[in-house]
Amino acid sequence: MKAMKIWRLAFMMLAAFSLASCSSDDDDNFDASRLEGKWRKAIRSGVMDGETVIYTFYPENWYSGRIEQQVSAWPDEGWKTTDLNYRVGETGHMNIFTGKTYNGESKIYLEVDVRKLTDSEMVWYHTDSNEEIARFTKEK
């Protein structure tokens, strides 16, 4: 009888330990659905840059979708539109591809880490670096 109580206690402790060691890994996962919408590249102070760049994200599923990139160098020249595709992982690492193919595969246009993504701001960094590439504000 005493041995049964010890086994029961040991089993309950093992069960409690295994449940306590489980954690939700989803807390730190990148929420790619928040990319959806129109993002305007912010102009950085001290940088002579006369172009306006807007990325419009159209998610197709939780990890990939289409991007419409609009660039205007000067107001008189109008807008140049480029269709791109993106694939983003759970860590915020994003590959942006051109629609052109080489040997049956799309070419990588840009590779970035999205480290900050709020309802109104997005910041891109060089991959595996703390160097900021671009900062965007969301248009309504």
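The structure we're discussing is the one just above.
Everything numeric in this text was worked out from a predicted model, so none of it was measured. (Residues numbered from 1 in each chain as written. Predicted model: local features only at pLDDT ≥ 70, side-chain atom pairs only at ≥ 80, totals over all residues. Heavy atoms only, no water.)

This brings us to the pattern of salt bridges. Per the counting criterion, the structure on display carries six salt bridges. Between R40 and E139 there is a salt bridge; the shortest N-O distance is 2.4 Å. Here R40, found in strand 1 (residues 37–41), pairs with E139, found in strand 8 (residues 132–139); they are 99 residues apart in sequence, far enough to count as distant. Looking at R40, the relative accessible area reads 31%, which means it is partly exposed. Among the salt bridges present, the one from R66 reaches D83, with a minimum N-O distance of 3.7 Å. On the criterion of sequence distance, the pair formed by R66 in strand 3 (residues 64–72) and D83 in strand 4 (residues 80–88) is long-range, its members being 17 residues apart. (Salt bridge = Lys/Arg side-chain N within 4 Å of Asp/Glu carboxyl O. Helix = DSSP H or I, 4+ residues; strand = E, 2+ residues; numbered from the N terminus. Buried < 20%, exposed > 50% of the residue type's maximum accessible area, 1.4 Å probe, protein only.)

One broad trend across soluble globular proteins is that nonpolar side chains are buried collectively. Counting residues in hydrophobic clusters, the biggest one holds 20 residues, and the most contacted among them are L35, F57, M94, M122 and W124. Listing elements by their share of this core, those giving two or more residues are strand 2 (52–59), strand 4, strand 5 (93–102), strand 6 (105–117), strand 7 (121–126) and strand 8. If we skip the residues at most four places from it in the chain, W124 touches Y55, F57, M94, I96, L110, V112, D113, V114, E132, I133, A134 and F136. (Core = buried A, V, L, I, M, F, W, Y, C linked by side-chain atoms within 4.5 Å. Contact = heavy atoms within 4.5 Å.)

With that out of the way, let us pick up the side chain of D113. Residue position: D113 is located in strand 6. If sequence neighbours within four positions are ignored, D113 has contacts with G92, H93, V123, W124, Y125, H126, T127 and D128.

Bringing the pairing of strand 8 into the picture now. Note that strand 1 and strand 8 share four bridges and pair antiparallel. Its bridge partner being in strand 8, W39 is matched across the sheet by K138. Here strand 7 runs beside strand 8; their pairing, made up of five bridges, is antiparallel. Bridge pairing in strand 8 links W124 to A134. In this structure, the hairpin formed by strand 7 and strand 8 is closed by a connection of five residues, where D128 is found at a positive phi of approximately 55°. (Pairing = 2+ DSSP bridges.)

With respect to the helices and strands, the residue N95 is situated in strand 5. Residue N95 is classed as buried on the basis of its relative accessible area of 16%. Those residues in contact with N95 that sit more than four places away from it in its chain are N85, Y86, R87, I108, L110 and E111.

Inspection of the entire model under this criterion finds five aromatic pairs. Consider the rings of Y55 and F136, whose centres lie 5.6 Å apart with planes at 80°: the pair is edge-to-face. Taken together, the residues Y55 in strand 2 and F136 in strand 8 connect sequence positions 81 residues apart. Pairing F57 with Y86 gives two aromatic rings, centres 5.3 Å apart and planes at 70°, and the pair type is edge-to-face. A residue pair is termed long-range when its members are at least 10 positions apart, and F57 in strand 2 and Y86 in strand 4 qualify at 29 residues. Residue F57 is classed as buried on the basis of its relative accessible area of 1%. Under the relative-accessibility criterion, Y86 is labelled buried at 2%. Through a chain of ring-to-ring contacts, the aromatic side chains of Y55, W124 and F136 assemble into a single cluster. (Phe/Tyr/Trp six-rings, centres within 6.5 Å; stacked < 30°, edge-to-face > 60°.)

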